[in-house]
Amino acid sequence: MDLLYFARLARRNWLLILFSLVLAVSTSLIVTARMPTKYVATISMLVSGYDREGSLSTAIQAGTLSQQRVQSYANLLPSRRVVSQITTGDDIRRVQENITAEAIPGTVLLRATVTDTDPARAARLANALGGAFTRLVDEIEQPLPTRKRKHAKKDAEKDGRSSRKDDHPNVKVAVVDPADVPKAPISPRPLVNLALAVLTALLIAMASLVLRDRMDTTIKTSEVLHEASKGSVLGIIGYERDARRHPLILRDRGRSSRSEAFRALRTNLQFIGVDRQPKSLVVTSCLPGEGKSSTSANLAITLAQAGWRVLLVDGDLRRPRIPNYLGIEGATGLTDVLIGRARLENAIQIWGESDLAVLPSGQIPPNPSELLGSNGMRTLLSGLTERYDIVIIDAPPVLPVTDAVALAAICDGALLIARYGKTRREHVIRAVEVLTSINARLVGTVLNFAPAKSNQYYGYEYDARAEVTPRMSV
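The structure displayed is predicted, hence computed values, not measured ones.

Parameters and conventions
- Residues numbered from 1 in each chain as written.
- Predicted model: local features only at pLDDT ≥ 70, side-chain atom pairs only at ≥ 80, totals over all residues.
- Heavy atoms only, no water.
- Helix = DSSP H or I, 4+ residues; strand = E, 2+ residues; numbered from the N terminus.
- Expected span 1.5 Å × (residues − 1).
- Contact = heavy atoms within 4.5 Å.
- Salt bridge = Lys/Arg side-chain N within 4 Å of Asp/Glu carboxyl O.
- Buried < 20%, exposed > 50% of the residue type's maximum accessible area, 1.4 Å probe, protein only.
- Phe/Tyr/Trp six-rings, centres within 6.5 Å; stacked < 30°, edge-to-face > 60°.
- Lys NZ or Arg CZ within 6 Å of the ring centre and 35° of its normal.
- Pairing = 2+ DSSP bridges.
- Axes fitted to C-alpha atoms, helices over the stretch in contact; angles between N-to-C directions.
- Arc of directions from axis to C-beta.
- Parallel < 35°, antiparallel > 145°, perpendicular 65-115°, else oblique.
- Nonpolar A, V, L, I, M, F, W, Y, C, P; charged D, E, K, R; others polar.
- pLDDT = per-residue confidence, 0-100.

Some words on helix H11 (residues 257-270)
- Here H11 contains 14 residues, and its C-alpha end-to-end distance of 20 Å stays within 8% of the 20 Å for a straight helix at 1.5 Å per residue.
- Buried residues along H11 sit against strand S5 (233-238), strand S6 (280-285), helix H12 (292-305) and strand S12 (442-450).

Spelled out as structure tokens, the structure:
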């Protein structure tokens, strides 16, 4: 995965990313508005040690007074014993939770912060905390009670020793930087919250898109289709909104991007096996709804427009679609010819100005697979390939039924249609395995309904002021 992959992924799903950003911004604004305003007051205290003479000793500060001892004072600061001296009742626990103390590394300094919704109260509590803590340290570090200290002094005088060290605590804590009333709150911070929300939304959205893309096994690129089918991708047919209502390429006088895509498909078919040009071609798909019937009809129209003698056969004897697309009568057709109910010449209809020959499906039989794989069908197809340059057969999907397999076994080639975003890789692989198992020749694949950004074909747009030509009539 490179930067181009993420850019394409974001461009395809920009609506989802935009929705995620709007949701994140809205949530950030609501949460920020509901957050209480908090202020922080900070005090700094110096932990000092005394030598034997009772004077402040720098060496003792740096050496004897260990960092572990200073850290223990930091842990003692938010204790209940200290906090109970500056507040009472239920506020003790609340104040404890809003006190943070730390020993500054490499020094004998303590820093304590008090957080509160009122700036004046935060400063007052911080200064009161410093005073209460210094008194507590003096009490804890006092070496002996007063009476014992007097007896110890007398004993020291008798022995000729100095007792001054017993008059002072070993450690003293002094406030060196009292707390001031904070002017600006530390919470909430709208810009920081907004930036974090946007960043989080982008990360979650992109991670979700990448995960979905990696787990998505549908065909979305010609490279994936080529890898799954192990064959050539002969065409990419773009998606158009009106394609469902107007499936034929005759719309817009044949000057749409879909028309150009089918002309490219026609050109690619001409270069398939120059020495083994297919005379009969089965057009099928993996599953229903992938556009194989519209592809068959438009491909036949495109070949007929180029001067080919083309016969379009509706070989889907289960759900025929060709008569509806072309607007012709489909009551008599292939089934009637195979069972001898009608003659071939009477069943074939000529459609359009390009004289496209069409053989409808006819009556729907109870045994389509047996009928399409019969010797009668083989004989009929052999005669048709002698009369026409190419016979295009619209066959049912490969995976649900075996009709297409029966036709592919007696035809010169098969063209497999895959629908963008619907056909799965495993479906293509399975369809190719089924076709190759009966030694059918897969001439190539077509990616259908690929997203199109405009009505241009590779950026070259037709002139809308071109002369209007009459539409083809049935």
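There is more to say after this.
Thoughts on the pattern of salt bridges
- The final tally for this structure, using the stated rule, is 16 salt bridges.
- Salt-bridge contacts for Arg111 lead to Glu102; the nearest nitrogen and oxygen are separated by 2.9 Å.
- For Glu102, a relative accessible area of 39% translates into the label partly exposed.
- When the shortest N-O distance is used, the salt bridge between Lys220 and Asp216 registers 2.9 Å.
- A residue is classified by how much of its surface remains accessible, and Lys220, at 30% relative accessible area, is partly exposed.
- Counted as one network, the salt bridges with shared partners bring together Asp91, Arg94, Asp116 and Arg121.

Considering the packing of aromatic side chains
- Counted under the stated rule, the structure contains 3 aromatic pairs.
- When the centroid spacing of 5.5 Å and the interplanar angle of 75° are considered together, the rings of Tyr5 and Phe6 count as edge-to-face.
- With a relative accessible area of 18%, Tyr5 lands in the buried category.
- Ring centres 6.4 Å apart and planes at 50° place the aromatic pair Tyr239 and Phe449 in the tilted group. Taken together, the positions of Tyr239 in the loop between S5 and H11 and Phe449 in strand S12 put the pair 210 residues apart, joining distant regions of the chain.
- Directly above the ring of Tyr5 sits Arg214, whose terminal nitrogen or CZ lies 5.1 Å from the centroid.
- Above the face of the Phe449 ring, Arg419 is positioned so that its terminal group lies 4.3 Å from the ring centre.

Some remarks on the sheet that holds strand S2 (residues 99-103)
- The antiparallel open sheet is built from 4 strands, whose spatial order is S2-S3-S1-S4. Each edge of the open sheet is held by one strand with a lone partner, namely S2 and strand S4 (171-177). Recorded for the sheet is a direction-independent mean angle of 25° between the axes of neighbouring strands.
- Alignment of S2 against strand S3 (residues 109-116), held across 5 bridges, turns out to be antiparallel. Bridging from a neighbouring strand, Ile99 pairs with Val114 of S3.
- Sitting on the sheet, helix H4 (residues 67-76) touches strand S1 (39-49), S2, S3 and S4, and the angle it makes with S2 is about 175°.

Digging into helix H10 (residues 222-229)
- The complete set of buried residues in H10 reads Val224, Leu225, Ala228 and Ser229. For H10, the angular spread of the buried residues around the axis is 120°, confining them to a single face. H10 presents Glu223 and Glu227 as exposed residues on the side facing more than 90 degrees away from its buried surface.
- Where H10 terminates, the next one or two residues include Lys230, which has phi positive at roughly 60°.

Quick notes on the packing of helix H1 (residues 3-12) against helix H9 (residues 190-215)
- Running from N to C, H1 and H9 cross one another at 95°; their axes reach a closest spacing of 11 Å. With respect to their mutual orientation, H1 and H9 come out roughly perpendicular. Touching Tyr5, Phe6, Leu9, Ala10 and Arg12 of H1 are Met206, Leu209, Val210, Asp213 and Arg214, all from H9.
- A class-by-class count of the residues in the contact of H1 with H9 yields 7 nonpolar, no polar and 3 charged.

A look at the packing of H11 against H12
- The N-to-C vectors of H11 and H12 enclose an angle of 75°; their axes lie 9 Å apart at closest approach. By the criterion of interaxial angle, the relationship of H11 to H12 is roughly perpendicular. Seen from H11, the contacting residues are Arg258, Phe262, Arg263, Leu265, Arg266 and Leu269; seen from H12, they are Ser294, Thr295, Asn298, Leu299, Thr302 and Leu303.
- Tallied by class, residues from the contact of H11 with H12 come to 5 nonpolar, 4 polar and 3 charged.

What to know about the sheet that holds strand S9 (residues 356-359)
- Spatially, S5-S12-S11-S6-S10-S7-S9-S8 is the arrangement adopted by the 8 strands of the open sheet, whose pairing is mixed. Across the chains shown, the open sheet's two edge strands, defined by having one partner strand only, are S5 and strand S8 (349-351). When strand polarity is set aside, the average angle formed by the axes of neighbouring strands in this sheet is 25°.
- Pairing of S5 with S12, which is carried by 4 bridges, proceeds in the parallel orientation. Across the sheet, the residue bridging to Gly235 is Val446, located in S12.
- Strands in contact with helix H19 (residues 425-437) are strand S11 (413-419) and S12; relative to S11, the strand with the most contacts, it is inclined by about 170°.

Quick notes on unusual backbone geometry
- The amide bond that connects Ser187 to the next residue, Pro188, takes the cis arrangement and shows omega of 0°.
- Mapped onto the secondary structure, Pro188 falls in the loop between S4 and H9.
- Positive phi is not limited to glycine here, since Asn439 has a value of about 65°.
- Tracing the chain through its elements places Asn439 in the loop between H19 and S12.

Observations concerning the confidence of the model for the protein chain
- Across the protein chain, pLDDT averages 85, with 84% of residues at or above 70.
- Taken element by element, the protein chain is modelled with least confidence in helix H3 (residues 58-64), mean pLDDT 46, and with most confidence in strand S7 (residues 310-314), mean pLDDT 97.
- Below pLDDT 50 for its whole length, residues 454-459 participates in 9 contacts with residues either more than four positions away or in separate chains.
- Under a pLDDT of 50 for its full length, residues 461-474 has, in the predicted model, 25 contacts with residues more than four places off or in other chains.

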